Amino acid sequence: MQTIWLSGPEWFAVLRIGLGLWWLESWRHKDKKQWFAGGGIRWAAGIAEKHRWPFVRRGFDLVVKPRPKLMAYVVAYAELALGLGLTVGLLTPIALVSGLILSLIYFVLMIHDWAEQGQNLMMALISAVGLFAVCWQSWSLDDAFGLFLR
């Protein structure tokens, strides 16, 4: 593969690091005090309650609504873990699959909001590309430690 300036694996590392920084920004911009007090889950509950697809309402009511404090921590720290893992390239395939799933969950929950759809769809797409391009081949702790096959 011929590219300008960087090698193919290095360009995929740039994509991976950019996605990691995007997840870190998702974590950073949350008002943690309000988020952990239940604000984020209340906001999501309002969206799920009016969702056009009944399975989204049922899923939210079954999984998230009974444990709002726990889910607030799960969401926030999942975003932090994804951001750190992708940025430094640690457990990258696991982070990419987890990020793909989380992005698709956000995508389905926010199906009515075109701005959110674009962000979540792009993050899902980058996760899939990174996974299939084996983006941990360059500039990653996974590569340095030989954790995953190339």
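Each remark here, short or long, concerns the structure printed above.
Residues numbered from 1 in each chain as written. Predicted model: local features only at pLDDT ≥ 70, side-chain atom pairs only at ≥ 80, totals over all residues. Heavy atoms only, no water.

*Asks:* Honestly, a nonpolar patch on the surface in this entry has me stumped. Any pointers?
*Replies:* On the surface, a cluster of nonpolar side chains totalling about 600 Å² of accessible area is made up of Val88, Leu90, Leu91, Ile94, Leu141, Phe145 and Leu147. Residue placement: Leu91 occurs in the loop between α5 (68–88) and α6 (92–109). (Patch = residues over 30% accessible without salt bridge, like charges linked within 9 Å, V, L, I, M, F, W, Y side chains within 5 Å. Areas by Shrake-Rupley, 256 points an atom, 1.4 Å probe, with all protein chains shown as cover. Salt bridge = Lys/Arg side-chain N within 4 Å of Asp/Glu carboxyl O. Helix = DSSP H or I, 4+ residues; strand = E, 2+ residues; numbered from the N terminus.)

*Asks:* Help me understand the packing of aromatic side chains, please; the structure alone is not making it clear to me.
*Replies:* To describe a pair of aromatic rings, one takes the distance between the centres and the angle between the planes. Under the definition given, this model contains seven aromatic pairs. Between the aromatic rings of Trp5 and Trp11, the centroid separation amounts to 5.9 Å while the plane-to-plane angle is 65 degrees, which identifies the pairing as edge-to-face. The class for Trp5 is exposed, based on a relative accessible area of 74%. On the accessibility criterion, Trp11 (35% relative accessible area) is partly exposed. Between Tyr73 and Tyr77 the ring centres are 6.2 Å apart and the planes differ by 10 degrees, which places this aromatic pair in the stacked class. (Phe/Tyr/Trp six-rings, centres within 6.5 Å; stacked < 30°, edge-to-face > 60°. Buried < 20%, exposed > 50% of the residue type's maximum accessible area, 1.4 Å probe, protein only.)

*Asks:* What's the story with the layout of surface pockets in this structure? I'm lost.
*Replies:* Where empty space is left in the structure can be found by rolling a water-sized probe over the atoms. Of the pockets and cavities examined, the largest pocket occupies roughly 830 Å³. Residue lining of the largest pocket: 33 residues in total, with Trp43, Ala44, Val75, Tyr106 and Leu109 positioned closest to the centre. Breaking the lining of the largest pocket down by element, the ones donating at least two residues are α1 (8–28), α2 (32–36), α3 (39–49), α4 (54–64), α5, α6 and α7 (114–132). Sort the elements by how many residues they give to the lining of the largest pocket and α4 lands first, with six residues. The class makeup of the residues in the lining of the largest pocket is 21 nonpolar, eight polar and four charged. (1 Å grid on protein atoms, 1.4 Å probe; cavity = no way out; pocket = protein on both sides within 12 Å on 5 of 7 lines; lining within 4 Å. Points joined across faces, edges and corners; volume = space filled by probe spheres on them. Nonpolar A, V, L, I, M, F, W, Y, C, P; charged D, E, K, R; others polar.)

*Asks:* When you look at the nonpolar core in this model, what are you seeing that I'm missing?
*Replies:* Counting residues in each nonpolar core, the largest one holds 28 residues, and the members touching the most others are Leu19 and Trp23. Contributing elements (two or more residues each) for this core: α1, α2, α3, α4, α5, α6 and α7. Excluding its chain neighbours within four sequence positions, the residues that come into contact with Leu19 are Leu86, Leu96, Met123, Ile126 and Ser127. (Core = buried A, V, L, I, M, F, W, Y, C linked by side-chain atoms within 4.5 Å. Contact = heavy atoms within 4.5 Å.)

*Asks:* Just to check I follow, could you spell out α3 for this structure?
*Replies:* Count 3.6 residues to each turn of an α-helix, and residues three or four apart come out pointing the same way. Considered for burial, the residues of α3 that qualify are Gly39, Gly40, Ile41, Ala44, Ile47 and Ala48. If you follow the buried residues of α3, they end up packed against α2, α4, α5 and α6.

*Asks:* Would you explain the packing of α3 against α4 in this entry?
*Replies:* Each pair of packed helices gets described by two things: the angle between the helix axes and the distance between those axes. With their axes 8 Å apart at the nearest point, α3 and α4 run at an angle of 150 degrees to one another. Regarding the angle of α3 to α4, the classification is roughly antiparallel. As for how α3 packs across α4, the hand of that crossing is left-handed. Contact residues: Ile41, Ala44, Ala45, Ala48 and Glu49 in α3; Arg57, Phe60 and Val64 in α4. When grouped by side-chain class, the residues that make up the contact of α3 with α4 number six nonpolar, no polar and two charged. (Axes fitted to C-alpha atoms, helices over the stretch in contact; angles between N-to-C directions. Parallel < 35°, antiparallel > 145°, perpendicular 65-115°, else oblique. Left-handed = near helix turned anticlockwise from the far one by under 90°.)

*Asks:* Just to check I follow, could you spell out the packing of α1 against α6 for this structure?
*Replies:* At a minimum axis distance of 12 Å, the contact between α1 and α6 shows a crossing angle of 50 degrees. It follows that α1 is oblique to α6 by the angle criterion. The chirality of how α1 crosses α6 is left-handed. Seen from α1, the contacting residues are Arg16, Leu19 and Trp23; seen from α6, they are Thr92, Leu96, Gly99, Leu102, Ser103 and Tyr106.

*Asks:* Hey, could you run me through unusual backbone geometry in this one?
*Replies:* With the exception of glycine, the majority of residues adopt a negative phi angle, and the majority of peptide bonds are in the trans configuration. If you check the backbone angles, Trp5 has positive phi at about 80 degrees while not being a glycine. Of note, Trp5 is situated in the segment before α1.

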